[in-house]
Every structure is written in structure tokens, then in C-alpha cells.
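Residues per chain are reported as follows:
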Amino acid sequence: MRHYYLEKTSMGKFIESLKEGYRVVAPIKKENQFVFAKVESAGEVELEYLPTVLPPKKYLFPQKEKLGTFDMGDTKLTDTSVEVEPMIIFAAHTCDIEGLECLDVVFNSDPADPYYKARKKSLLIIGFECMVPCDEYATCRTMDTHNPKAGYDVMITDVGSKYVLHVNSKEGKDLLEGNSALLDAGNGEAKTLLAKTREEKLKRFDNKLKPEFSRLARLFGDSYTSPVWDEVGEKCLSCGNCTAVCPTCYCLDMYDKVKLDTTGGERKRVWDSCQLEEFASVAGGENFREERSSRQRHRYYRKFDYSVKKYHKFFCTGCGRCSRTCMAGISLIETVNSLDEENENV
Amino acid sequence: MCNCDKNKVVEVDALYYPMEGTIVKVEQMTEYEKFFEIRLSDGKELGNMPGQFVQLSMFGIGEAPISVSSSPTKEDKTTFEICVRKVGTFTNALHALGVGDKIGVRGPFGRGFPVDELKGNDLLFIAGGLGIVPLRSLIRFVMDKRRDFGKVDILLGCKEPKDRLFSNEIEEWARLADTNYTCTVDKSDPEWKGNVGVITTLIPGVDIDVNRTYAVIVGPPIMYKFTIMSLMDKGLPKDRIIMLLERRMKCGLGKCGHCQINHKYVCQDGPTFRLDELTGMGEAL
């Protein structure tokens, strides 16, 4: 696929041009944090940002979503359509793009989710490559998500003097063709520039997780009964923040929202969390993950073990959001490194 | 540049939309359990296999996963049967419904009992409490295809004699050749002449050939461990012990996460499991 150059001074113009045909959402500053939100003017877009409060999954799998409308006493759902709008997620980090790759696997597994699919179809992803690790919580180097690999239409990389745009899909090609903010780049030259940039970049990205990528699955295979889970469970407040901000958590609940006049309502689905006490309880009163330690272990295993068995993928993208948001100070790096330490001592 | 500047309204697949069902029969089984026969509209057949479940739906209240209690071998294929204990918001509302009332139905979901694998073998059915409700779908299947299966033993356990479900049916089956039925209660009443004690007390007395018997167990979580131990004491191998695990299925589509046992989703990989499939799954039992 082809490459373009973009002068740094032309970035604003480029973003404005994207807005002509799409709703562009990008990282924008909100108080002292960043969020993905609709871009009103190009100047709002923050290219150097810490991972946003919520990952861009909210655009494909909204926190709350209508499945259909009903009249009370009826058994038919009507108004079962989903409204999609042509959208560009702009300046997504490679970790968040990997998060969407994970959700793709889940929501396209049989039976495929029609709501997710409809939204994904009208979405373009323009990534913005990180040149420095964002903070002490990110583990992208170990999870191998620090470089662009797949899942994007266009990737923007700062090569120093200018940006290189890598076009990675037909949709991306169609989007950029004829854009006056861009300059055609010879493939050979752009590739050399990117390779050099990434070689330099790698020196700045360290492995904060002690076990290597290739050892992670085996480590979790050995750690199911580890006392580390009790330690994590002791700290956990069961608030569910970690799962809400996770780019690959997709658990959901369904409920009926009845109109005030009780003539009808909407059947909805809403994000749920395996960290909440009631999550795995059944009508008879049994709760299959009553202890916080077992719920935390479940969360970690859904990232490093179950997902590998079920979907052949790690579902941790190394974004660090779970640790950054945890009120109790549960750190993914600490947990995984403790498991590793304990494993080595056995 | 794309000029697709308008929002599009896309009709989506009917994954979450219930079919319409009508209640055609209601029977009070015990103080807390009611039996319902439901007919799908437009002559639709549920097409369930024994052990599968449906998501029943009442708008304004929500959905609940309910085991199907009837067998696909039943004569009228346009209806299916359930038996529900009144225990929460949904089931209380369901109990208030009567003949002619409508109800939403999604499904059937899940992997049913491995009926082909069971063929030609002796069967030991063990049901505790409400476990007889889903197990009945398999027992009826076996009774309707009686000559495909060997000897059948049915062990039933419940709290008190008045809690027994489908006992008339079971007694009828027990009159058939090569079919035995034993019931035990935790707490007897003055009229009770049967066994008293937990269900595991019945297992040593059952005469089974471990090389040609499958045990099928359905009951509350606590029952499985002890029942499995008793069966293994008799020499029954793990791949001849089958059970149906209860979890809280919300979507039935392998997405919502509620029914997950380690890396398995009960709504798709289960609810029926062979014991050897659960090796290494710490959350299963």
C-alpha cells in the first residue's frame, strides 16, 4: 500500500478536510485527562496524549444501546434498526487499535453481533503512532502493541521533520486520494524513514513486565491457584472501573427501560462488569465468583489465558488503563510480576 | 473523498428479537413450581435437543434463561414445555400468566445432551431438586426411543415428598421393562414410605455395569461433587459422567460473559458437559 507525507504545519488542514465527509472523533483534553470526542475544530485535537479515559470501543459498542422498542403486553420488538454515521476515529494509539481487533474477534464470532458489525462497517481508523511510552503503567512493549501492525486504515507516524501516512486499506486509499494537504511519498523512501524511526523508538520503550510475551500464556497456565489472587482480592473494591476502561472488556447486561406512562419502552443492553458481586450469581442464590479474589483472577485470565484458549489472542493491549484508574492501586504490572516471581521460586 | 455525509439507518439481524409464544397449558406442580406448555406462533417449531434452554421474555420485566423440559420427540412439535420455580421478579411474573397469555421466546440455545453418544448404553439418571426439569427432556427422549437404549435407572432426590416433580410420569416409566426408579427425600412426612437421606446414599445400591453405563446428573451445585465422588467410587470413568451446569445466561449468544466458566461459555459450550471436559476448569464444580 502507498505512503504519503504530511507537513507538520498542514495537520490542521488535513483534519479539517476529513471532517467534510465524516464525523471525526479524536483525543481531546477534558480537565486534566483526555477523551475521545467529536472534533469541532482541528485545533482541539491532541496528538500527544495519555490514553483516553475510555477507549474508542465506545463508538462500536456503546455503554448503553437500544436493541428494540416494545409496547407493553406485546411480544414483538419493533424499531430494531441501528443508526450509523460515517465516522473516523482519528489519532488512535496502536494499543487501542489492537483493542478493537480483539472486539472484532468477539463480536464477529458466531453468531455475529449485528449492531457492532453495522457500526464497524461505517468506520475508518486513522492511527497515530506513539514515539515514547505514555507513562509508568503502559506495557505495550511486552504485549507487542507498541508498533502499528494491523487493524487501521491509515497510520500517521512522526518521522521528525514531517509525518508519514501509511495507507493500509482500500477504504483508506479512497479517503486520502486527491487530498490537497498530502504529498505523494515514494514507497521506498517512506519505508526507510519509518524503519529508521522505529529502530530509534524501540530504545525508548522498555519491558515493564518481567515475563516475556512468549512466556505469558504458560505463566498464567501455572498461576491459577497462586496466593497473588488473594492479595489482589484484598485490595479490590469491586467498583468495576478496570473493566469499564478496558479496551477489550465486552461483558454486557440486558434490561427493559419502561416509559414513564408504562405503555411501552426499550429493550437495552449495557456494559456490565465481572467485578461486580452479582455478576455470576444465579436465581437459586448460588454465586460462582463470590470472592473478590476470584473475580479479579477472572479478569486477568480473560486477558491472558481464557482469551488465548478461546480466541487465540491476548486480550491485554498494554494500554495501562486498568492500573491508571484503579482506586485501590491494583497494578497489572505488579500482579503479573508477582506471579512471575512466585513462579520462578517454585 | 466520500460524500456519505448522511447517517444511515441499518436494519439489523433479528438476533435479540423474541419469537411470539402463547401459553396453552398451565399446571400448578407444587407450592412453588408451575408447568407451562407454550405454542410458538405461525406453526413454528422450537426444534430443541434435550438439555437446551430458551430465553423467555416479558417486556417491561426482561428475559430469563429457562430449561426446556420437553423432548423434541413429543407428538405436537409446535409446543414445548417448561417448569418454573417462583423465585425472582421474572418467575413471579411468569407465574401470574395463564392460558392464552403471550410470551417472548428466543432460542433454543446451548449444546444439548450427547444423545448419539448415549445410544446403546445403560443410563443412570440422577436428579436433585429442580434438576429433574431439564433432565425430563432427555428421559422423555429416551422413553420415546426406548429400544435405542439399555437399562435405565432414575434416582430422584428432593427436600420433602411434596416437592417431587413429574413423579406420576416417572412412576409410569418405571413400569416399563428395564426401567427402575428410586426417590429419596431429605425430610420425610408421615405418609412417606420411601428413602430418607441425600441422593448420594442411593448410589451404592444401584446395580450398574460401569463399562456400558452413562450417568447423567442434573441438580444444584452442591450435589455434583458428592455424586461424582460416589460414581467414581463405583468405578465409572470420567468420560461416562455427564452433567448439566446452571449459570446465569443473559444473551445466549456467547457475548455477555455472565455464564462463563473459565474459558468456556455455558450458553454455547454447554450447558451439558462430560466430566472429562471440565478437567482444569476450577470454576466448574
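Model, not experiment: these values are computed from the prediction. (Residues numbered from 1 in each chain as written. Chains lettered and ligands numbered in written order. Predicted model: local features only at pLDDT ≥ 70, side-chain atom pairs only at ≥ 80, totals over all residues. Heavy atoms only, no water.)

## With respect to the overall build of chain B
When helices and strands are counted, chain B shows six helices and 16 strands. Here chain B has a C-alpha radius of gyration of 20 Å; the compact-globule value for 285 residues is 19 Å, and the two agree. Across its three principal directions, the C-alpha atoms of chain B cover 75 × 45 × 35 Å. Split into buried and exposed, the 285 residues of chain B put 56% on the buried side. Of the contacts formed within chain B by residues at least 6 apart in sequence, a portion of 69% connects residues at least 24 apart. Looking at chain B as shown, the accessible area adds up to about 11900 Å², and 48% of this sits on carbon and sulfur atoms. (Helix = DSSP H or I, 4+ residues; strand = E, 2+ residues; numbered from the N terminus. Rg over C-alpha atoms; globule rule 2.2 N^0.38 Å. Buried < 20%, exposed > 50% of the residue type's maximum accessible area, 1.4 Å probe, protein only. Contact = heavy atoms within 4.5 Å. Areas by Shrake-Rupley, 256 points an atom, 1.4 Å probe, with all protein chains shown as cover.)

## Some remarks on the environment of B:Ala215
All names here are of chain B. Within the secondary structure layout, Ala215 lies in strand E12 (residues 213-218). Residues Ala215 and Pro65, spaced 150 residues apart in sequence, show a C-alpha to C-alpha distance of 25 Å. Among all residues touching Ala215, those that are not within four sequence positions of it are Leu124, Leu231, Leu236, Arg240, Ile241 and Ile242.

## Brief notes about the sheet that holds strand E3 (residues 33-38) of chain A
Residues and elements named next belong to chain A. Spatial strand order, E3-E2-E6-E7-E8-E9-E1-E10: eight strands in an open sheet with mixed pairing. Two strands close off the open sheet at either side, each with one partner strand: E3 and strand E10 (182-185). Recorded for the sheet is a direction-independent mean angle of 25 degrees between the axes of neighbouring strands. One ladder, built from four bridges, connects strand E1 (residues 3-7) with E10; its direction is antiparallel. Within the sheet, the bridge partner assigned to Tyr4 lies in E10 and is Asp184. (Pairing = 2+ DSSP bridges. Axes fitted to C-alpha atoms, helices over the stretch in contact; angles between N-to-C directions.)

## Notes on a negative patch on the surface
A cluster of acidic side chains, namely A:Asp230, A:Glu231, A:Glu234, A:Glu277, A:Glu278, A:Glu286, A:Glu290, A:Glu291 and B:Glu246, defines a negative patch on the protein surface. Structurally, A:Glu234 can be placed in helix H8 (residues 228-235). (Patch = residues over 30% accessible without salt bridge, like charges linked within 9 Å, V, L, I, M, F, W, Y side chains within 5 Å. Salt bridge = Lys/Arg side-chain N within 4 Å of Asp/Glu carboxyl O. Lys, Arg positive; Asp, Glu negative; His and termini not counted. Charge placed at Lys NZ, Arg CZ, Asp CG, Glu CD.)

## Describing the environment of A:Leu276
Residues and elements named next belong to chain A. Here Leu276 shows up in the loop between strand E12 (264-271) and helix H10 (292-304). Take Leu276: its relative accessible area is 33%, and that puts it in the partly exposed class. As for Leu276 and Glu286, which are separated by ten residues in sequence, their C-alpha atoms are 15 Å apart. Apart from residues lying up to four places away in sequence, Leu276 is in contact with Ser238, Cys239, Gly240 and Arg295.

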